[in-house]
Amino acid sequence: EPEVTQTPSHQVTQMGQEVILRCVPISNHLYFYWYRQILGQKVEFLVSFYNNEISEKSEIFDDQFSVERPDGSNFTLKIRSTKLEDSAMYFCASSLDRDHTYGYTFGSGTRLTVV
Amino acid sequence: AQSVTQPDIHITVSEGASLELRCNYSYGATPYLFWYVQSPGQGLQLLLKYFSGDTLVQGIKGFEAEFKRSQSSFNLRKPSVHWSDAAEYFCAVGGGADGLTFGKGTHLIIQP
């Protein structure tokens, strides 16, 4: 079964450093998403991406965050200057259609720890 | 704004017993509803989803859920739980570019 692949699985970074989280969505999917889950809390929507541009973003997704699909296969989330409160599990997801009729698949996540 | 309420933070069930996890939602239109399961340190696995049609939907691992529009509910059920069902369960609503709105989750504990 096709999978959404995220790398790395764990990342530790110092406060103020830039991090890039990488995702390879399912190959024929068109819509891409990033979510965040702070330890012990619910999963929160960050941003959606379609046709090489951001479709929607939540209030969490401030100027410190950016997303990119640099090469037609990878989908990246960049945090420019990490803060302690950015420590969380970050999930990438992709779907074939806007209404997720054919599925909405999550990756296994990247655990980001900011120290 | 859409929202999801999972009123039970923890539920403990004996192995072999039946299970029902509650989910209530608030959504402006016909909702797309999902149940996901998350094992410790793992990602989110889709159990089942409801878009339209039959209000009783079947999912993987023997789970089912029933959409009740009048009660704004989408409760998850399983007739007989197994120890491997111990996990965190998330109900979610939404669709389109806005992404999914998740509930806070219900932690399921299975007693031997």
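Residues numbered from 1 in each chain as written. Chains lettered and ligands numbered in written order. Predicted model: local features only at pLDDT ≥ 70, side-chain atom pairs only at ≥ 80, totals over all residues. Heavy atoms only, no water.

(A) Region of the structure containing the overall build of chain A. A count of helical and extended segments in chain A gives zero helices and 11 strands. Seen in sequence order, chain A has helices and strands lined up from the N terminus as β-β-β-β-β-β-β-β-β-β-β. Along the first, second and third principal axes, the C-alpha atoms of chain A reach 40 × 25 × 25 Å. The buried share of chain A, reckoned over its 115 residues, is 46%. Across chain A, contacts joining residues at least 24 apart in sequence account for 54% of those joining residues at least 6 apart. Between the centroid of the 10 positive side chains of chain A and the centroid of its 15 negative side chains there is a distance of 4 Å. (Helix = DSSP H or I, 4+ residues; strand = E, 2+ residues; numbered from the N terminus. Buried < 20%, exposed > 50% of the residue type's maximum accessible area, 1.4 Å probe, protein only. Contact = heavy atoms within 4.5 Å. Lys, Arg positive; Asp, Glu negative; His and termini not counted. Charge placed at Lys NZ, Arg CZ, Asp CG, Glu CD.)

(B) Representation of the pairing of strand S9 (residues 88-95) of chain A. Residues and elements named next belong to chain A. Of all eight residues that make up S9, eight are buried, and the element is covered over most of its length. Of the two faces of S9, both are covered, the one formed by Ala88, Tyr90, Cys92 and Ser94 as well as the one formed by Met89, Phe91, Ala93 and Ser95. Across seven bridges, strand S4 (residues 31-37) lies against S9 in antiparallel orientation. Counterpart to glutamine 37 in the pairing with S9 is methionine 89. Here S9 runs beside strand S11 (residues 110-114); their pairing, made up of three bridges, is antiparallel. Each bridged residue has a counterpart across the sheet, and for methionine 89 the counterpart in S11 is arginine 111. One ladder, built from three bridges, connects S9 with strand S10 (residues 104-106); its direction is antiparallel. Residue pairing for S10: serine 95 is matched across the bridge by tyrosine 104. (Pairing = 2+ DSSP bridges.)

(C) Broad picture of unusual backbone geometry. Residues threonine 7 of chain A and proline 8 of chain A are joined by a peptide bond in cis, for which omega reads -15 degrees. Along the chain, the position of proline 8 of chain A falls in the loop between strand S1 (5-7) and strand S2 (10-13). The phi angle at asparagine 51 of chain A is positive, at roughly 55 degrees, despite the residue not being glycine. Positionally, asparagine 51 of chain A belongs in the loop between strand S5 (43-50) and strand S6 (53-57). On the accessibility criterion, asparagine 51 of chain A (59% relative accessible area) is exposed. Unusually for a residue other than glycine, lysine 61 of chain B sits at a positive phi of about 60 degrees. By secondary structure assignment, the location of lysine 61 of chain B is in the loop between strand S7 (56-58) and strand S8 (64-68).

(D) The interface of chain B and chain A, seen in detail. Each partner contributes residues to the interface: chain B has 20 residues there, and chain A has 20 residues. Between chain B and chain A, a total of about 1700 Å² is buried, with carbon and sulfur atoms accounting for 60% of that surface. Taken together, the connections running from chain B to chain A amount to zero salt bridges. Run the count over chain B and chain A and you get three residue pairs in polar contact (both at pLDDT 80 or more). When contributions to the side of chain B that touches chain A are tallied by element, the ones reaching two or more residues are strand S5 (33-38) and strand S11 (100-102) of chain B. Ranked by the residues each element gives to the side of chain B that touches chain A, the list is headed by S5 of chain B, at three residues. Of the residues assigned to the side of chain B that touches chain A, the class counts are nine nonpolar, eight polar and three charged. (Buried area = accessible area lost by both parts, 1.4 Å probe. Salt bridge = Lys/Arg side-chain N within 4 Å of Asp/Glu carboxyl O. Polar contact = N/O pair within 3.5 Å; in protein donor to acceptor, adjacent residues only side chain to side chain. Nonpolar A, V, L, I, M, F, W, Y, C, P; charged D, E, K, R; others polar.)

(E) Inspection of the state of the cysteines at higher detail. Residue and element names in this part refer to chain B. Summed over all chains, the structure comprises two disulfides over all chains. Through a disulfide, cysteine 23 is tied to cysteine 91; the S-S separation comes to 1.9 Å. One disulfide, between cysteine 23 and cysteine 91, carries an S-S torsion of -65 degrees and so falls in the left-handed class. Taken together, the residues span a long stretch of sequence, with cysteine 23 in the loop between strand S3 (19-21) and strand S4 (24-26) and cysteine 91 in strand S10 (residues 87-94) at a distance of 68 residues. The burial state of cysteine 23 is the same as that of cysteine 91; both residues are buried. (Disulfide = S-S within 2.5 Å.)

(F) View of the sheet that holds S1 of chain A. Residue and element names in this part refer to chain A. In spatial order, the strands read S1-S3-S8-S7; together these four strands make up an open sheet with antiparallel pairing. For this open sheet the edge positions go to S1 and strand S7 (65-68), each flanked by a neighbour on one side alone. Each adjacent strand pair in this sheet contributes to an overall mean axis angle of 20 degrees, direction not counted. Examined bridge by bridge, S1 and strand S3 (residues 19-24) share three bridges and lie antiparallel to one another. Its bridge partner lying in S3, threonine 5 is registered against valine 24. (Axes fitted to C-alpha atoms, helices over the stretch in contact; angles between N-to-C directions.)

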